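Residue-level structure breakdown
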Amino acid sequence: MRARMAAAWGSTLGRHLLLALAGLLVVIVVVESVSDYRNTQLAAMAYLGIAAGGLTVLTGLNGQLSLGHGALMAIGAYTAALMLSDRDSSMPLSVVIVTAVLATLAVGTAVGLAAARLHGPYLAGATLALAVAVPGIALYFKETLGGEQGLRVVMPEIPGWVLELAFFVTGQDLSRSRFTSYVGWLTLIVVFLLLANLSAGRVGRRWRAVRDDEVAAELAGINLGRARVSAFMVSAAAAGAAGAILAFTVKLAAPSAFTLTLSLTLLAAIVLGGLGTLSGALIGATLLTFLPSVVTDLGRTAGLSDIQAAELAPLVYGVVMVAVILLAPMGIVGSFRQARARRRMKKLSTSAKGTAA
Amino acid sequence: MQQFFNTALTGLTLGMVYAAFALALVLIWRSTRVVNFAQAPMAMVTTFIALVIIDAGYSYWLGFVAALLAGLALGAVLERLIIRPVEGKSEINAVILTLGLFIVLHALAAVFFGNRYRSFPAPFGLKGIEVGGTTIALNGFGIFTIVSVLVVMGLLVALFRFTDIGLKMRAAAFNQEVARLLGVRVGHMLTLGWALAALVGSLAGILIAGGSLVHPSYMDSVVVFGFVAAVLGGLDSPLGAVLGGLILGVSLSFVSGYVGSQLVPLAALVILMLVLTLRPGGLFAQAPERRV
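Presented here is an overview of the structure given in this document. Values in this document were obtained by computation on a predicted structure and should not be read as measured data.

So, about the overall build of chain A. Broken down by element type, chain A carries 17 helices and two strands. A compact globule built from 357 residues would reach a C-alpha radius of gyration of about 21 Å, and chain A, at 22 Å, matches this within 12%. Counting only C-alpha atoms and orienting by the principal axes, one finds that chain A spans roughly 75 × 50 × 50 Å. Taking all 357 residues of chain A together, the buried fraction comes to 51%. Taking the contacts inside chain A whose residues are at least 6 apart along the sequence as the reference set, 77% of them involve residues at least 24 apart. Taken together, the 27 basic and 16 acidic charged side chains of chain A have centroids lying 18 Å from each other.

Okay, here's the thing in structure tokens:
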């Protein structure tokens, strides 16, 4: 058993599968032990994590900056909302998520094809335009997309086998918010498993090569455009899944949820966590979910009004974002790794001196 | 016919403001190779400063001048403290920095000035002028908008063409190393460039606000329009930025008047994509040479 575990740990896929399994266990324990309110927060953390994971692949691994991922999430959310518009729909959520992913993928491919030709500020500007433009579409097509009010999402009944399975494993009845939380986290685990394998493999090496040195990558026979478009597509697909989970969680797809601020805070999340690592994306999503209530409470006790206190969280993101870029451009995870590597080097050099003496 | 004419006039007035905003982006891009996405919230903050002064009972003009001076100071301070460390380094870091500033300024404005819509006064009438019995879509404030943008542009041209400082600024933007060897204090010139750009941006902010509502995010779409206008002109050319602003203003005015105002940002996105795909060097480039 032990040998087999060690062998599985040795291969990338095996390691990722084991991590996913461990993650699943943690998710079950956490979801079962916290309140329904916390589970709604956990579901929010899941969709932010999925979107941040996708953005990490694009920005961290491929060096493309997107300010339009909030808009891509909107496409996923509206697709989900259109499919879950009435009580009688017995559409399985997995089908809804996959459809949302495919719809977002289609839009992402179109944007990615244009974006592949763009660099740095140009790409940022184009995706910024996307972020500002998309909410207007929902307002224009009022009849189908619900205008300012948006579309209500009616969650289907929890399937009987899920209820039975949940009772069998945990010994208690599955509440609706727990169910949503499970759906979100299962999706997150699947998405992260796929992203981790992609980025560890040949595709990921190509993305990194294009990010680090275009000319060298081109000389090595990598098609720059194809690498960029594929990174954008993968990242857009993740944003679509995130949008669907968002629709399940807040039971609404409305333009006010997909403002420019959402896209910018996603970027803040991956910068805080550390550009280029999926664990960084998850740390960033955790901060995005739990920091606002902490900071808002602090602000209230300091005597600010509710509205003022609510603005403290973005203030903190922004300040930290600026500080991270100026002081620790590798983010939390990157700086931690760097410190560990430096310590290891020190240890190596001292032990080398010891043997020499 | 009359609607067509009025839509075009509205577009030209709006286009002047986009032109000013695009000009601010171009000024910064030329000197520091940074696209300042924080331009919109910077202008928003200075407009709120003007509003506070006007609401306190002082004249519109005091608020107007205060906003421009606040822009000048804000631009200089931000360049010195925040942007200087990443100038000439990875462009993605500079972009992320300006976006961080975007979030910070937004949040600060909401904390200090509140998150509700407030109306901003206009110094001139908002009623259309009558020409031969029909009212045209050009009012006193519109004329003031066009004139003040033209004046500021004229002053900038004079500064760059005819003064010693302008020459030094152009040298610093053109080639930092050579300029430094020739005794130009490049750092000071870059700070000055940011300050002037922020002043022009503030002008655009206060002109857009005049006679309508302000809110911490009232300028957010304008940064997109300014960027599109600047890219239409090629991002490197001040004249291109002005022409780009006018073209964009008129086009968006027609979209707003004949299709629907909700689709204006989408139209801007489509125009941007078309330009970047077909003529990445901008509409007025001789040969498509720039790599985007």
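Now for the overall build of chain B. Regarding its fold elements, chain B presents eleven helices and four strands. Against the 2.2 N^0.38 benchmark of 19 Å for 292 residues, chain B shows a C-alpha radius of gyration of 19 Å, consistent with a compact globule. With respect to the principal axes defined by its C-alpha atoms, chain B has extents near 65 × 50 × 35 Å. Every one of the 292 residues in chain B was classed for burial, and the buried ones make up 56%. Taking contacts inside chain B between residues at least 6 apart in sequence as the whole, the part at least 24 apart equals 73%. Total accessible area on chain B stands at roughly 12,200 Å², and carbon and sulfur atoms take up 68% of it. Put simply, chain B has 16 plus and 10 minus side-chain charges, and the middle of one group is 3 Å from the middle of the other.

Here the focus is the packing of aromatic side chains. Residue and element names in this part refer to chain B. Overall, the coordinates contain 15 aromatic pairs over all chains when judged by the stated rule. Here the aromatic rings of Y60 and F120 are separated by 6.4 Å at their centres, their planes lie at 80 degrees, and the arrangement is edge-to-face. One end of the pair, Y60, is in helix α3 (residues 60-83); the other, F120, is in the loop between β1 (118-119) and β2 (130-131), and 60 residues separate them in sequence. According to the relative accessible area criterion, Y60 is buried, its value standing at 9%. Plain terms: the ring middles of F254 and Y258 are 5.8 Å apart, the flat faces sit at 20 degrees to each other, and that makes the pair stacked. Residue F254 and its partner Y258 are located together in helix α10 (residues 238-258), separated by four residues, close to a single helical turn. Given a relative accessible area of 21%, F254 falls into the partly exposed group. Of the residues examined, Y258 reaches a relative accessible area of 44% and is grouped as partly exposed. Each member of the aromatic cluster is reached from another via a ring pair, and the members are Y60, W61, F64, F120, F141 and F144.

Time to look at the interface of chain A and chain B. As a measure of interface size, the accessible area lost when the parts come together is often cited. Counting residues at the interface gives 41 residues for chain A, matched by 46 residues for chain B. The contact between chain A and chain B buries some 4,000 Å² in all, and 81% of this surface belongs to carbon and sulfur atoms. The largest per-residue losses of area from chain A upon contact with chain B belong to P121, Y122 and Y140 of chain A, which jointly make up 18% of the total buried on that side. Counting the contacts that link chain A with chain B gives zero salt bridges. Linking chain A with chain B are three residue pairs in polar contact (both at pLDDT 80 or more), by the criterion used here. Contributing elements (two or more residues each) for the side of chain A that touches chain B: α6 (120-140), α13 (260-273), α15 (306-310) and α16 (312-327) of chain A. With 15 residues, the top contributor of residues to the side of chain A that touches chain B is α6 of chain A. In terms of residue class, the side of chain A that touches chain B is built from 30 nonpolar, eight polar and three charged.

Of all hydrophobic cores here, the largest spans 209 residues; its most connected members are M73, F248 and L267 of chain A together with F120 of chain B. For this core, the element with the highest residue contribution is helix α12 (residues 224-250) of chain A, accounting for 15 residues. Here F248 of chain A is in contact with A80, L84, L93, V96, I97, M155, T180 and V183 of chain A, once residues within four sequence places are set aside.

Attention shifts here to empty space enclosed by the protein. This structure, assessed with the given rule, holds two cavities of 30 Å³ or more. Size it by volume and the largest cavity reaches roughly 110 Å³. Taken together, L27, R30, S31, F160, M169, R170, A172, A173, M189, L190 and G193 of chain B make up the lining of the largest cavity. Contributions of two or more residues to the lining of the largest cavity are made by α1 (2-32), α6 (164-174) and α8 (186-209) of chain B. Its residues placed into classes, the lining of the largest cavity shows seven nonpolar, two polar and two charged. Approximately 30 Å³ is the volume found for the second largest cavity. Contributing to the lining of the second largest cavity are M155, I158, R176, F179, T180 and K251 of chain A. When its residues are assigned to classes, the lining of the second largest cavity shows three nonpolar, one polar and two charged.

All names here are of chain B. Packing of α1 against α10 leaves a shortest axis separation of 5 Å and a crossing angle of 140 degrees. When the axis of α1 is compared with that of α10, the two are oblique. The hand of the α1/α10 crossing is right-handed. In terms of residue class, the contact of α1 with α10 is built from 18 nonpolar, nine polar and one charged.

One pass over the full model with this rule turns up nine salt bridges over all chains. Note that R228 of chain A is salt-bridged to E214 of chain A, the shortest N-O span being 2.9 Å. A residue pair is termed long-range when its members are at least 10 positions apart, and R228 of chain A in helix α12 and E214 of chain A in helix α11 (residues 214-219) qualify at 14 residues. Residue R228 of chain A shares its accessibility class with E214 of chain A, and that shared class is buried. Of the charged contacts in the structure, one is a salt bridge between D236 of chain B and R33 of chain B, with a shortest N-O distance of 3.2 Å. Taken together, the positions of D236 of chain B in the loop between α9 (220-233) and α10 and R33 of chain B in the loop between α1 and α2 (39-55) put the pair 203 residues apart, joining distant regions of the chain. Here R33 of chain B falls in the partly exposed class, since its relative accessible area comes to 44%.

What counts and how
- Residues numbered from 1 in each chain as written.
- Chains lettered and ligands numbered in written order.
- Predicted model: local features only at pLDDT ≥ 70, side-chain atom pairs only at ≥ 80, totals over all residues.
- Heavy atoms only, no water.
- Helix = DSSP H or I, 4+ residues; strand = E, 2+ residues; numbered from the N terminus.
- Rg over C-alpha atoms; globule rule 2.2 N^0.38 Å.
- Buried < 20%, exposed > 50% of the residue type's maximum accessible area, 1.4 Å probe, protein only.
- Contact = heavy atoms within 4.5 Å.
- Lys, Arg positive; Asp, Glu negative; His and termini not counted.
- Charge placed at Lys NZ, Arg CZ, Asp CG, Glu CD.
- Areas by Shrake-Rupley, 256 points an atom, 1.4 Å probe, with all protein chains shown as cover.
- Phe/Tyr/Trp six-rings, centres within 6.5 Å; stacked < 30°, edge-to-face > 60°.
- Buried area = accessible area lost by both parts, 1.4 Å probe.
- Salt bridge = Lys/Arg side-chain N within 4 Å of Asp/Glu carboxyl O.
- Polar contact = N/O pair within 3.5 Å; in protein donor to acceptor, adjacent residues only side chain to side chain.
- Nonpolar A, V, L, I, M, F, W, Y, C, P; charged D, E, K, R; others polar.
- Core = buried A, V, L, I, M, F, W, Y, C linked by side-chain atoms within 4.5 Å.
- 1 Å grid on protein atoms, 1.4 Å probe; cavity = no way out; pocket = protein on both sides within 12 Å on 5 of 7 lines; lining within 4 Å.
- Points joined across faces, edges and corners; volume = space filled by probe spheres on them.
- Axes fitted to C-alpha atoms, helices over the stretch in contact; angles between N-to-C directions.
- Parallel < 35°, antiparallel > 145°, perpendicular 65-115°, else oblique.
- Left-handed = near helix turned anticlockwise from the far one by under 90°.

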